[in-house]
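Here are the chains, one letter per residue:
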Amino acid sequence: MKRHKIAELLKTDKPVGSILIKGWVRTKRNAKTFSFIEVNDGSCLKNMQIVVDGKTSNYHEIKKLTTGSAVAVRGKMVPSQGGGQQWEVQATNIDIISMAPETFPLQKKRHTDEYLRTIAHLRPRTNKYGSIFRIRSELAYAVHHFFRERGFRYIHTPVITGSDCEGAGELFRLTTLNPPIPMTPDGKIDYSKDFFGMESNLTVSGQLSAEMFALALGDVYTFGPTFRAENSNTSRHVAEFWMIEPEMAFCDLAGNMNMGETLIKHLISFTMDNCAEDLALFARFVDKTLMNTLENIVDSEFVRIPYQAAIDILLKSKQPFSFPVAHGADLQSEHERYLTEKHFKKPVIIYDYPKTIKPFYMRLNDDGQTVGAMDIIVPRIGELVGGSQREERLDVLEQQMASSDLSPENYWWYLESRRFGTVPHSGFGLGFERLLMLVTGVSNIRDVIPFPRTPGNIEF
Ligand code: 4AD
Ligand code: MG
């Protein structure tokens, strides 16, 4: 017999005569002649209430069922007698697939997020984390759907690479334990040349590869894991995160901003329309203002201001920031949050940053001092998107590389794209975990990725 998913069963509006549910016991309550068992199968937030009669043949075992045990339930779904749920299942038969011992850590009580991080292998079995990871899955699907609808092609860019897109020195170097192990002339292991005799690292961004494909297929995107060796313990940084990176040929900075704004609004609306039940849990238990925040983002027109103007606002604000605000300095997350949460109270796109604080590939503006960069900052998160128009002029790009101490030999292929049919093009990267923090109201990035990679966190 086919297994029914609880999510599907609860969508029906009629009793179902014969069903089979497989899932895990959340709670059990024994009455005199029967028991109530709440079963969850992960397909949705809701449990199915199972009513099992004391005359059932293995009732003496069913009575002992513990939280976390796995069961297969056969029976019929009928209108529930009690309050709290529309349907319940009258079981004709319950097979105990496995009995969990009383040491199962997720007994019915509230657990802190800090504790649940120490059992990241079990936390998806809680309501909150089940909801987070269902939303994560839905949103990943929505990303592909969004781009496909607009004629973008999905490009698989490499995870192992010889280049450093951002030039920020946050690379994880690759090493191998397979012989022949590269050695330096003085007999030590040469970790710098471990990719079959060449230097390699984990990618920090798929952008440079995606650019090559934008210059062939027009509009492309990549969506995959990226890595940053920043040893920082913040609630917004992980060493391994997923990034959505569109890259568009014949697109300028304004077009890039439009795409970023449209994408963010679309993904939020999609979650509100398609994950209402899971989202309601966060609006109720995590952030009471969540729905207002999300509606406000979808309905607002994002503010667009140049970097200079943003700095002026911050200087005038007289806020006691921990990091000083100065023309030419990078914006810190506290500055971004002041602008988006306190000053404008909506998302802000900051553009035209000083070239000295941005990577080599961004397009130099006519003033010779700023580049066509754009960051999108949003309430509670700060930077959600970082992007730019790319430098498409070969001579300017070569100068920019020289002033960033990058050797043209290593980037010969990138330079060739500016030699053969170069066109204005733009793109950006949107941090998928930061998006999930935004839509769920969850305040720590470690709680929206299945197994977070942060300093000290590698065991799962
Ligand atoms: O601003 P970033 O560094 O931009 C790039 O890497 C560009 N090459 C992207 C492009 O234009 N195709 O990173 C983009 C976004 C940030 O705005 C942030 O949302 C996220 O990636 N991000 C991180 N998320 C979690 N943990 C980290 N350590 C992150 N670093 C960046
Ligand atoms: Mg950035």
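Note that the structure is predicted; figures quoted are calculated from it, not measured. (Residues numbered from 1 in each chain as written. Chains lettered and ligands numbered in written order. Predicted model: local features only at pLDDT ≥ 70, side-chain atom pairs only at ≥ 80, totals over all residues. Heavy atoms only, no water.)

**Some details on empty space enclosed by the protein**
The cut-off we apply is this: Both site types are read off a 1 Å grid over the protein atoms alone. A 1.4 Å probe that fits but cannot get out defines a cavity, while an open set with protein on both sides within 12 Å along at least five of seven lines defines a pocket; lining residues have an atom within 4 Å of a point. Grid points are joined across faces, edges and corners, and a volume is the space filled by probe spheres set on the points. Note on residue classes: Ala, Val, Leu, Ile, Met, Phe, Trp, Tyr, Cys and Pro are nonpolar, Asp, Glu, Lys and Arg are charged, and everything else, Gly too, is polar.
One pass over the full model with this rule turns up one cavity of 30 Å³ or more. Its volume calculated, the largest cavity comes out at about 40 Å³. Lining the largest cavity are Arg 117, Ala 120, Phe 451, Pro 452, Arg 453, Asn 457, Ile 458, Glu 459 and Phe 460. By residue class, the composition of the lining of the largest cavity is five nonpolar, one polar and three charged.

**Things to note about the pairing of strand β3 (residues 48-53)**
Defined as follows: Each residue is placed in one exposure class: buried if its accessible area under a 1.4 Å probe, protein chains only, is under 20% of its type's maximum, exposed if it is over 50%, and partly exposed if it falls in between. Strands are runs of DSSP state E lasting at least 2 residues, helices are runs of H or I lasting at least 4, and numbering of each runs from the N terminus. Between any two strands, pairing holds if DSSP finds at least two bridges.
The buried fraction of β3 amounts to five of the six residues, a majority that puts the element mostly inside the structure. As paired strands, strand β2 (residues 34-40) and β3 are joined by six bridges and run antiparallel to one another. The residue of β3 that forms the bridge with Glu 38 is Gln 49. Pairing of β3 with strand β5 (residues 87-98), which is carried by three bridges, proceeds in the parallel orientation. Note that in β5 the partner of Ile 50 across the bridge is Val 89.

**Points about the packing of aromatic side chains**
Definition in use: Classification of ring pairs rests on two measures: the distance between centres of Phe, Tyr or Trp rings, Trp counted by its six-membered ring, which must be within 6.5 Å, and the angle between planes, read as stacked under 30 degrees, edge-to-face over 60 and tilted in between.
Applying the stated criterion to the full structure yields 16 aromatic pairs. Taking 5.0 Å as the distance between ring centres and 75° as the angle between the ring planes, the aromatic pair formed by Phe 223 and Phe 432 counts as edge-to-face. On the criterion of sequence distance, the pair formed by Phe 223 in strand β9 (residues 219-227) and Phe 432 in helix α13 (residues 432-440) is long-range, its members being 209 residues apart. An identical accessibility class is assigned to Phe 223 and Phe 432; each is buried.

**Some remarks on helix α4 (residues 127-149)**
Applied cut-off: Expected span of a helix, by definition, is 1.5 Å for each gap between consecutive residues, and there is one gap fewer than residues.
With 23 residues, α4 should reach 33 Å at 1.5 Å per residue; the first-to-last C-alpha distance of 33 Å fits that figure. Gly 151 sits one or two positions beyond α4 and adopts a positive phi of about 80°.

**Quick notes on the site of ligand 1**
Inclusion rule: Definition of nearness: a residue and a molecule or strand are near each other if at least one heavy atom of the residue lies within 4 Å of the molecule or strand. The term polar contact refers here to a pair of N or O atoms within 3.5 Å; inside protein, the definition further demands a hydrogen-donor-capable atom paired with an acceptor-capable atom, and it admits residues adjacent in sequence only when both atoms are side-chain atoms. Areas reported as accessible are Shrake-Rupley estimates using a 1.4 Å probe. Residue values count occlusion only from the protein chains shown.
In the vicinity of ligand 1 there are 25 residues, among which Glu 166, Gln 207, Glu 230, Glu 245 and Glu 383 approach most closely. Within the contact set of ligand 1, a nitrogen atom lies 3.4 Å away from a side-chain nitrogen or oxygen of Tyr 361. In this structure, Gly 386 approaches ligand 1 through a main-chain N or O atom, which is 3.4 Å from an oxygen atom. Within the complex, the protein chains bury 94% of what would otherwise be the 630 Å² of accessible surface of ligand 1.

**Focus: helix α9 (residues 307-317)**
Where we set the bar: Arc definition: directions from the helix axis to the C-beta atoms. It only takes one pair of heavy atoms within 4.5 Å for two residues to be counted as in contact.
Buried within α9 are the following residues: Tyr 307, Ala 310, Ile 311, Ile 313, Leu 314 and Ser 317. Along α9, the residues classed as buried sweep out an arc of 160° about the axis, all on the same side. Close packing links the buried residues of α9 with β11 (303-306), α10 (333-343) and β12 (348-354). Just downstream of α9 lies Lys 318, where phi reads positive at about 55°.

**Quick look at the sheet that holds β2**
What holds strands together in a sheet is hydrogen bonding between their backbones, with the strands either parallel or antiparallel. We count it as follows: Note on definitions: angles span 0 to 180 degrees between N-to-C directions of axes, and those axes are lines fitted to C-alpha atoms, for helices only across the stretch in contact.
The strand order around the closed barrel formed by five strands is β1-β2-β3-β5-β4, and the pairing between neighbours is mixed. Between one strand and the next, the sheet's axes are offset by a mean angle of 55°, whatever the strand orientation.

**Brief notes about the UniProt feature "domain: Aminoacyl-transfer RNA synthetases class-II family profile" (unreviewed entry) in the protein**
The line we're drawing: UniProt positions are given in the numbering used here, feature names are shortened, and annotations may be inferred rather than shown by experiment.
UniProt records the feature "domain: Aminoacyl-transfer RNA synthetases class-II family profile" (unreviewed entry) for residues 133-450 in the present numbering. With 37% helix and 19% strand, the stretch residues 133-450 has end C-alpha atoms that lie 8 Å from each other.

**So, the nonpolar core**
The line we're drawing: Side-chain atoms within 4.5 Å link the members of a nonpolar core, which is a set of buried Ala, Val, Leu, Ile, Met, Phe, Trp, Tyr and Cys residues.
Counting 60 residues, the largest nonpolar core has Ile 264 and Leu 430 as its most contacted members. Aside from chain neighbours lying at most four places away, what touches Leu 430 is Trp 242, Met 243, Ile 244, Leu 263, Ile 264, Leu 384, Val 385 and Leu 435. Leu 208, Val 303, Ile 305 and Val 348 belong to the second-largest nonpolar core, a separate cluster that totals 31 residues.

**Remarks on the side chain of Arg 123**
Checked against the element boundaries, Arg 123 lands in the loop between α3 (113-117) and α4. Looking at Arg 123, the relative accessible area reads 0%, which means it is buried. Separated by 3.1 Å, the side chain of Arg 123 and the backbone oxygen of Pro 450 make a polar contact. With near-sequence residues (within four places) excluded, Arg 123 lies in contact with Leu 116, Arg 117, Tyr 129, Phe 133, Arg 446, Asp 447, Ile 449, Pro 450 and Pro 452.

**Focus on the packing of α4 against α13**
Convention followed: Any angle between 65 and 115 degrees counts as roughly perpendicular, while under 35 counts as roughly parallel, over 145 as roughly antiparallel, and the rest as oblique. Throughout, a crossing is termed right-handed when the near helix is turned clockwise from the far one, and left-handed when it is turned anticlockwise from it by less than a right angle.
Across the interface, α4 lies against α13 with an axial gap of 11 Å and an inter-helix angle of 120°. By the angle class used here, α4 and α13 are oblique. Two packed elements cross with a definite hand, and for α4 against α13 that hand is right-handed. In contact with Ile 135, Arg 136, Leu 139, Ala 140 and Val 143 of α4, α13 contributes Phe 432, Glu 433, Leu 435, Leu 436, Val 439 and Thr 440. The class makeup of the residues in the contact of α4 with α13 is eight nonpolar, one polar and two charged.

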